[in-house]
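Here is how the chains run, residue by residue.
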Amino acid sequence: MTGAEIKEMDLAYNLHSWAKQGNLDPLVITKADGIYLWDADGKQYMDMSSELVNSNVGHGNQDIIQAIKEQADKFCFLSPAFAVEPRAKLAKMVIDRMPDNMGKVFFTNGGADANENAVKIARLYTRRYKIMSRYRSYHGSSFGAGNVSGEPRRYAVEPGIPGFIKFFDPYLYREAVSFDSEEEATKFYMTKLREQVIYENPDTIAAIILETITGSNGIIIPPKGYLQGVRKICDEFGIMMICDEVMAGWCRTGKMFAFEHFNVKPDIVSFAKGITCGYIQLGGVAVSKKISAFFDDHVLSCGLTYSGHPLACAAGIACLNYYDKTHILDHVNEMGKILGDIEEGMKAKHACIGDVRYIGLWSALELVKDKTTKEPMVPFGRDPEGIMPKIIKTLISKGFYTYSHENMIIVAPPLIITEEQLRKAMTILDEVLTEVDKMI
Ligand code: PLP
């Protein structure tokens, strides 16, 4: 098929995510390799968002492709009720990479159902029903995960599930109060959270779920002591602490899991994305030894036809082995330092950049109309003039592929990116933002 034919058929029959369908103009991609994508006309793009921050090892990874092929030759699918080698091996590999309090894994198809099952497990284990999560969070778009999410993608599933409660994020850049130190900020947020937990009746709260580091809502990194503070509140009231590592996990931040930066051990961890990098979709929920022991004599009321799909597990094993074999964490930390330095330089230079936040190879540039007032480039939840899509379109036309969320541009390249590629891509971003500076 020609590019034009693909686009025409795609638009005639596919419903696209999160968009009005009438005016779409999707890129037709016909080839992908490493950090690069090519469209039907042969134009090359750098994939500077790792697709949806999941393509950590880039495209065309032969270790993963071979593992899938070998597994496909043995068997493609067997019910989750059977014990099969790829599922057994991958579950062990996941637990081996988790803190020592973690016991077992329940595999899912992706991030949303990982969070839905994490919530169900917390509710079954605690026999409580309330779930607390934050406003600037995204935990998936299916009905339950959509209710856990706090940001505007939640609105489509409202009115919400009773007992799903939201609290404020430690979003220091836009906090109404200013703090002298991160510790002081943490004290403020913990006092408020503890107060809210008490008002809600702690005996009814099953879990507090948080993206360890907020991802699509702008790489909001918790202040010092914040996650330990949440851990303490959870311990005090017997509440499960669920860390959503769907985007943050699997090396993205320079550690295997983001919670390792903060020295906390969650009770439940949800994951997806980087465990297979999308070669085959897979997610999962890891639970503590205590929780897994509870289910020795209580029914685990969770199930999915494709839980631990053998092809996906084979991809996961190859992917985790690839991270180890290539010492990818060292590379992420090295490249992450360069990315952070470049973004700090850009923040100092550009009038349109209010804040940059980065950790590992994961970052957001927060665009503003005015640095002093911090007025965001587009109002929260709305972009009536389509300013952000225009900026993204310009970037893409220059070969820098990424996406935006609210007033943030996400920069999260595949973890295999080289220094030369990274510097080249950031030069494009720098040029485009120079044009944006002139616009405001
Ligand atoms: N949790 C987080 C933190 C995410 O970023 C996402 C997706 O971006 C999800 C959950 C949902 O994952 P999925 O799209 O695989 O359902």
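Residues numbered from 1 in each chain as written. Predicted model: local features only at pLDDT ≥ 70, side-chain atom pairs only at ≥ 80, totals over all residues. Heavy atoms only, no water.

Caption draft 1: The overall build of the protein chain, seen in detail. Tallying secondary structure elements over the protein chain gives 13 helices and 16 strands in all. With the principal axes as the frame, the protein chain shows a C-alpha extent of 60 × 60 × 45 Å. Buried positions account for 55% of the 440 residues belonging to the protein chain. Put simply, of all contacts in the protein chain between residues at least 6 apart along the chain, 72% involve residues at least 24 apart. Carbon and sulfur atoms provide 54% of the accessible area of the protein chain, an area that totals close to 19500 Å². (Helix = DSSP H or I, 4+ residues; strand = E, 2+ residues; numbered from the N terminus. Buried < 20%, exposed > 50% of the residue type's maximum accessible area, 1.4 Å probe, protein only. Contact = heavy atoms within 4.5 Å. Areas by Shrake-Rupley, 256 points an atom, 1.4 Å probe, with all protein chains shown as cover.)

Caption draft 2: Looking closely at the side chain of asparagine 117. Assignment of secondary structure puts asparagine 117 in helix 5 (residues 111–126). Relative accessible area serves as the criterion here: at 6%, asparagine 117 is assigned to the buried category. Filtering out sequence-adjacent residues up to four positions away, asparagine 117 remains in contact with Phe106, Thr108, Val285, Cys302 and Leu304.

Caption draft 3: Seen up close, the site of the ligand. Looking at the ligand, the residues that line it are Gly110, Gly111, Ala112, Asn115, Tyr138, His139, Gly140, Glu211, Asp244, Val246, Met247 and Lys273. Here an oxygen atom of the ligand sits 2.8 Å away from a polar atom, N or O, in the main chain of glycine 111. Aspartate 244 places a side-chain nitrogen or oxygen 2.8 Å from a nitrogen atom of the ligand. Broken down by element, the shell around the ligand gets its largest block of residues, 3 residues, from helix 5. (Near = heavy atom within 4 Å. Polar contact = N/O pair within 3.5 Å; in protein donor to acceptor, adjacent residues only side chain to side chain.)

Caption draft 4: Structural view of the side chain of threonine 126. Mapped onto the secondary structure, threonine 126 falls in helix 5. Reaching out from threonine 126, the side chain makes a polar contact with the backbone oxygen of alanine 122 at a distance of 2.7 Å.

Caption draft 5: Local environment of a nonpolar patch on the surface. There is a patch of nonpolar side chains on the surface, built from Met1, Met9 and Tyr13 and spanning about 430 Å² of accessible area. When you line up the elements, methionine 9 lands in helix 1 (residues 3–13). A relative accessible area of 47% places methionine 9 in the partly exposed class. (Patch = residues over 30% accessible without salt bridge, like charges linked within 9 Å, V, L, I, M, F, W, Y side chains within 5 Å. Salt bridge = Lys/Arg side-chain N within 4 Å of Asp/Glu carboxyl O.)

Caption draft 6: Local environment of the nonpolar core. In this structure, Leu90, Ile208, Leu367, Ile409, Leu429 and Leu433 are the most contacted members of the largest nonpolar core, which totals 115 residues. Among the elements that make up this core, the one with the highest residue count is helix 10 (residues 310–325) (10 residues). Structurally, this core is a two-domain feature, drawing no fewer than three residues from each of domain 1 (3–60 + 327–439) and domain 2 (62–325). Those residues in contact with isoleucine 208 that lie beyond four places of it in its chain are Met132, Phe167, Leu193, Val197, Val230, Cys234, Ile239, Met240, Met241 and Ile242. (Core = buried A, V, L, I, M, F, W, Y, C linked by side-chain atoms within 4.5 Å. Domains from an automatic or database assignment.)

Caption draft 7: Layout of the sheet that holds strand 8 (residues 240–244). Spatially, 7 strands are ordered 4-10-9-8-7-5-6 in an open sheet, and the strand pairing comes out mixed. Each of the sheet's edge strands pairs with one partner strand only, and the pair in question is strand 4 (102–108) and strand 6 (164–167). Across the sheet, the mean angle from the axis of one strand to that of its neighbour is 20 degrees, orientation sign disregarded. As judged from the 3 bridges shared by strand 8 and strand 9 (residues 268–271), these two strands associate in the parallel manner. Bridge pairing links isoleucine 242 to isoleucine 268 in strand 9. (Pairing = 2+ DSSP bridges. Axes fitted to C-alpha atoms, helices over the stretch in contact; angles between N-to-C directions.)

Caption draft 8: Spotlight on the domain arrangement of the protein chain. In terms of domains, the protein chain is made up of domain 1 (3–60 + 327–439) and domain 2 (62–325). In this complex, domain 1 contributes 44 residues to the contact, which on the side of domain 2 involves 43 residues. Among the residues domain 1 hides against domain 2, the three largest losses belong to Trp18, Ile359 and Trp362. Together they make up 21% of the total. Connecting domain 1 to domain 2 are 1 salt bridge. Residue glutamate 366 pairs with arginine 174 through a salt bridge whose shortest N-O separation is 2.8 Å. Counting across the domain 1 and domain 2 interface gives 23 residue pairs in polar contact (both at pLDDT 80 or more). (Buried area = accessible area lost by both parts, 1.4 Å probe.)

Caption draft 9: Examining the packing of helix 4 (residues 85–96) against helix 10 more closely. At a closest axis distance of 8 Å, the pairing of helix 4 and helix 10 adopts a crossing angle of 40 degrees. As far as their axial angle goes, helix 10 and helix 4 are oblique. Helix 4 and helix 10 meet at a crossing whose hand is left-handed. Residues Pro86, Arg87, Lys89, Leu90 and Met93 of helix 4 lie in contact with helix 10, whose contacting residues are Pro310, Cys313, Ala314, Gly316, Ile317, Leu320 and Asn321. Considered class by class, the residues forming the contact of helix 4 with helix 10 number 8 nonpolar, 2 polar and 2 charged. (Parallel < 35°, antiparallel > 145°, perpendicular 65-115°, else oblique. Left-handed = near helix turned anticlockwise from the far one by under 90°. Nonpolar A, V, L, I, M, F, W, Y, C, P; charged D, E, K, R; others polar.)

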